[in-house]
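Spelled out, the chains give:
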Amino acid sequence: MNIAELSIRKSVITWVMIVLLVAVGGSSFFKLSWLEDPEFTIKDAVVMTPYPGASAAEVEEEVTNVLEKAIQQLGQLKFVESRSSRGMSQVKVKIHDKFDKHSLPQVWDELRRKVNDAQTSLPPGAGPSVVNDDFGDVYGIYVALTGEGYSDAELHEFAKFLQRELLRAEDTKRIELYGVRKEVVYVEMRREKMAEFGVSPEDIYRSLAAKNLPVSAGFMTLGTDYIPVNPTGEFVSEQEFGDLLVSSRGGDSESLVYLRDVAGIVRGYEETPNTILRFDGKPGIGLGISAVAGGNVVTMGESLEKRLDELKDQAPLGMELHVIAMQPEAVTTAINGFLVSLAQAVAIVVVVLLIFMGLRSGFIIGFVLLTTIMGTFIFMDMYNVTLERISLGALVIALGMLVDNAIVVTDGIRMKMEQGQDGISAAREVVGQTGVPLLGATFVAVAAFAAIGTSQDSTGEYCRTLFSVIMISLLLSWVTAVTITPLLCNSFLKKKEKKEGEAAKDPYEGAIFAAYKGFLSTCIRFRWVTVGVVVGLFVVSIVGFGSVKVMFFPDATRNQFYIDVWLPEGTHIEETTREMARAEEYLLDREEVTHVASFIGGGQIRFILTYTPESSYASFAQLMVEVADSRDIPDLLVSTLEDLEEIFPQAVINNKAFLLGPSEGGKIQLRISGPDPAVLRELGMRAEKIFRSDPVSKGVRNEWRDKIKV
């Protein structure tokens, strides 16, 4: 095989590679998982243990301490922190950052074994403990169901219907309900009647406990049929509870009385609901919808919208769904923004290179850039790299670097061909000279982001796709620079033909090259002055860097912010609801605000990866405020805080914008430990006073909260 045949075969292979990169890359782009934030592993679990009737001190001593000692035997443990309140123990377990989504399930299994082994050491009446490690799901679609004139039970029934039907939508994993108020039947004992008939509370408890229990009554043979016997008499309404016969075992003889003769039966709702949701001042139920792992949230959103359209005829008149958070819209906006940025980048590269390198060179490098991006999508699909804000940001960052290798190769070949060299030999010479140096420079550029990609903390995990995408795209840009670029240069750049007797023209004798050469020569001649200027600029840059605002993750651009309201400890959840009605009225009166969703009682659904829900507190409420223009949020954060602190002087209020990255708790946190609770509380109050004395501080509180009446 001669050199010409070999060159033709290589050209064919390269053209096939170009077609495959563009075609398969475009297909891979639409197959990628589209999310708002990267998939992120929450390395926390909470162990909940009820201990009805026990004081906070008893819960701590008899339950929390026992569980903490058992949990601390975990080798993977980073730390534990607990909250002991009346009747309930909560132990938060934090695992070391090095454990990822593949190894954590085994860690949680070991945690459950430790907790189960400790159950025998708990006092009578305590437990069983429940381990909740399901914090990783992000419910990217979060809507509120309201219905004016409908009862809580009717809203709940339709919410359960939607929960069941919407699970059939594509890429939907789970649907959680928030703000459900359970229906109950109250049996209100009449003490005087109970004394008259000789009925004790235990008699009523025993009779109720034996009712509505499924018990096998056996089977009956009837001819050739084998028929199960189904006992009747189960209660289907609260009125039938009154027909329950209660056996009195007091005194010398046993008697039977109807429950309605010794107690009142009333159907209602839990007197103290765990959580309450309100949207624009109307009570409702929240539905949080999460996507399957590796799923496309945009596809899920489209499928849910189609499914809701199919179900609209079955929706009760007057019930409405209101959007609290809609991740598919944010993802679609981000993807469209990237496509615009990609088009702009290619256009800018082509225009700039048209000016400095000519029409053909500009189009060659622009096409190589587009091909490299398409190839990057192929490898992202192969390695399950999702398309979200971090990976999109990485692609935007890489756009300016992806053309560097192609520019060096194209310019070198162009210069050689202007000197009269043919395209094949020029490509072979330029790639031979620059291939290895360009590969080294590419590795240096990739290594600049390695600290982020290899970090074991939460920030590193969140930003890992930044490193992955930049590494893939830059290494691929080197491959396309030494393969596709020489082929395109040979095909589209013209060799300059020399006339007989014409002297070879130096391509570097132009005005720009001459000026640049003179500048370099001057810098080398006065090398110490040059070094001094560089060192001076370096010192100035360091000093100037100290004046730059430091923030690893910027605020999000979403048109929402949230307000945390902590009323005094011991406040009933219904009172918290009434107070939030006043806050909603104030916020909805502001012209910048479009909607307000109130989550009362804590225990919120994680609808954004970077949002950390608060634990359950009856005295806690969170207001999600939606505005027409996100640029109004900085001013609203200042004005709403001042106004709400004036409206609720007894509350601790803190408002926050959403961040693009992991965040939890306050900016400054102080932990004081010691054996004496009284001393700890006194030191905590002194610390709070110091924090509050700072004029820019806000939302100062301690985790022990206030003392409450008993």
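These figures come from a predicted structure and were not determined experimentally.

**Considerations on the pattern of salt bridges**
Okay, so step 1: One pass over the full model with this rule turns up 26 salt bridges.
Okay, so step 2: In this structure, Asp-97 and Lys-78 form a salt bridge, with 3.5 Å as the shortest nitrogen-oxygen distance. On the criterion of sequence distance, the pair formed by Asp-97 in the loop between β3 (88–95) and α3 (104–117) and Lys-78 in strand β2 (residues 77–85) is long-range, its members being 19 residues apart.
Okay, so step 3: Asp-97 sits in the partly exposed class, given a relative accessible area of 23%.
Okay, so step 4: With a closest N to O distance of 3.1 Å, Arg-692 and Glu-688 form a salt bridge. Of this pair, Arg-692 and Glu-688 both sit in helix α22 (residues 677–692), 4 residues apart, which is roughly one turn of that helix.
Okay, so step 5: Judged by relative accessible area, which is 47%, Arg-692 ranks as partly exposed.

**Details of the sheet that holds β2**
Okay, so step 1: Spatial strand order, β2-β3-β1-β4: 4 strands in an open sheet with antiparallel pairing. The sheet is open, and its two borders are formed by β2 and β4 (130–132), each paired with just one other strand. Averaged over all adjacent pairs, the angle separating strand axes in this sheet is 20°, with direction ignored.
Okay, so step 2: Contacts from helix α2 (residues 56–71) reach β1 (44–50), β2 and β3, with the element oriented near 165° to β2.

**Some words on the packing of helix α13 (residues 423–447) against helix α16 (residues 464–482)**
Okay, so step 1: Closest axis-to-axis distance for the α13/α16 pair is 10 Å, and the angle between their directions is 175°. When the interaxial angle is binned, α13 and α16 end up roughly antiparallel. Every residue of α16 that contacts α13 at Val-431, Gly-435, Leu-438, Leu-439, Thr-442, Phe-443, Ala-445 and Val-446 is listed here: Phe-467, Ile-470, Met-471, Leu-474, Leu-475, Trp-478 and Val-482.

**Thoughts on the packing of aromatic side chains**
The geometry of two aromatic rings is summed up by the distance between their centres and the angle between their planes.
Okay, so step 1: One pass over the full model with this rule turns up 11 aromatic pairs.
Okay, so step 2: Ring centres 5.8 Å apart and planes at 25° place the aromatic pair Phe-158 and Phe-161 in the stacked group. A residue pair is termed a helical-turn pair when its members lie 3 or 4 positions apart in one helix, as Phe-158 and Phe-161 do in helix α4 (residues 152–166) at 3 residues.
Okay, so step 3: By relative accessible area, which is 15% here, Phe-161 ends up buried.
Okay, so step 4: Note on Phe-219 and Tyr-226: the rings are 4.8 Å apart at their centroids and 10° apart in plane angle, and the pair reads as stacked.
Okay, so step 5: By relative accessible area, which is 58% here, Tyr-226 ends up exposed.
Okay, so step 6: Put simply, the rings of Tyr-142, Tyr-178, Tyr-562, Phe-599, Phe-607 and Phe-658 touch in pairs and so form one group of aromatic residues.
Okay, so step 7: Over the ring of Tyr-258 we find Arg-260; its NZ or CZ atom is 4.3 Å from the centre of that ring.
Okay, so step 8: Cation over ring: Arg-558 sits above Phe-658, and NZ or CZ is 5.2 Å from the ring centre.

**Digging into the environment of Gly-460**
Okay, so step 1: Mapped onto the secondary structure, Gly-460 falls in helix α15 (residues 458–462).
Okay, so step 2: By relative accessible area, which is 2% here, Gly-460 ends up buried.
Okay, so step 3: In sequence terms Gly-460 and Ser-697 are 237 residues apart; their C-alpha atoms lie 29 Å from each other.
Okay, so step 4: With residues up to four places along the chain from it excluded, the contact list for Gly-460 reads Ile-452 and Ser-455.

**A closer look at unusual backbone geometry**
Okay, so step 1: For Asp-171, which is not a glycine, the phi torsion comes out positive at approximately 65°.
Okay, so step 2: Overall, the relative accessible area of 22% leaves Asp-171 in the partly exposed class.
Okay, so step 3: In this model, Asp-280 sits at a positive phi of 50°, which is unusual for a non-glycine residue.
Okay, so step 4: Residue placement: Asp-280 occurs in the loop between β13 (276–279) and β14 (282–291).

**A few points about α2**
Okay, so step 1: When the local axis directions of α2 are compared, the greatest deviation, roughly 35°, occurs at Thr-64.
Okay, so step 2: Turning to α2, its buried residues are Val-59, Val-63, Thr-64, Leu-67, Glu-68, Ala-70 and Ile-71.
Okay, so step 3: On its buried face, α2 is in contact with β1, β2, β3 and α3.

Thresholds, definitions, all that
- Residues numbered from 1 in each chain as written.
- Predicted model: local features only at pLDDT ≥ 70, side-chain atom pairs only at ≥ 80, totals over all residues.
- Heavy atoms only, no water.
- Salt bridge = Lys/Arg side-chain N within 4 Å of Asp/Glu carboxyl O.
- Helix = DSSP H or I, 4+ residues; strand = E, 2+ residues; numbered from the N terminus.
- Buried < 20%, exposed > 50% of the residue type's maximum accessible area, 1.4 Å probe, protein only.
- Pairing = 2+ DSSP bridges.
- Axes fitted to C-alpha atoms, helices over the stretch in contact; angles between N-to-C directions.
- Contact = heavy atoms within 4.5 Å.
- Parallel < 35°, antiparallel > 145°, perpendicular 65-115°, else oblique.
- Phe/Tyr/Trp six-rings, centres within 6.5 Å; stacked < 30°, edge-to-face > 60°.
- Lys NZ or Arg CZ within 6 Å of the ring centre and 35° of its normal.
- Bend = angle between axes of the 7 residues up to and from the residue.

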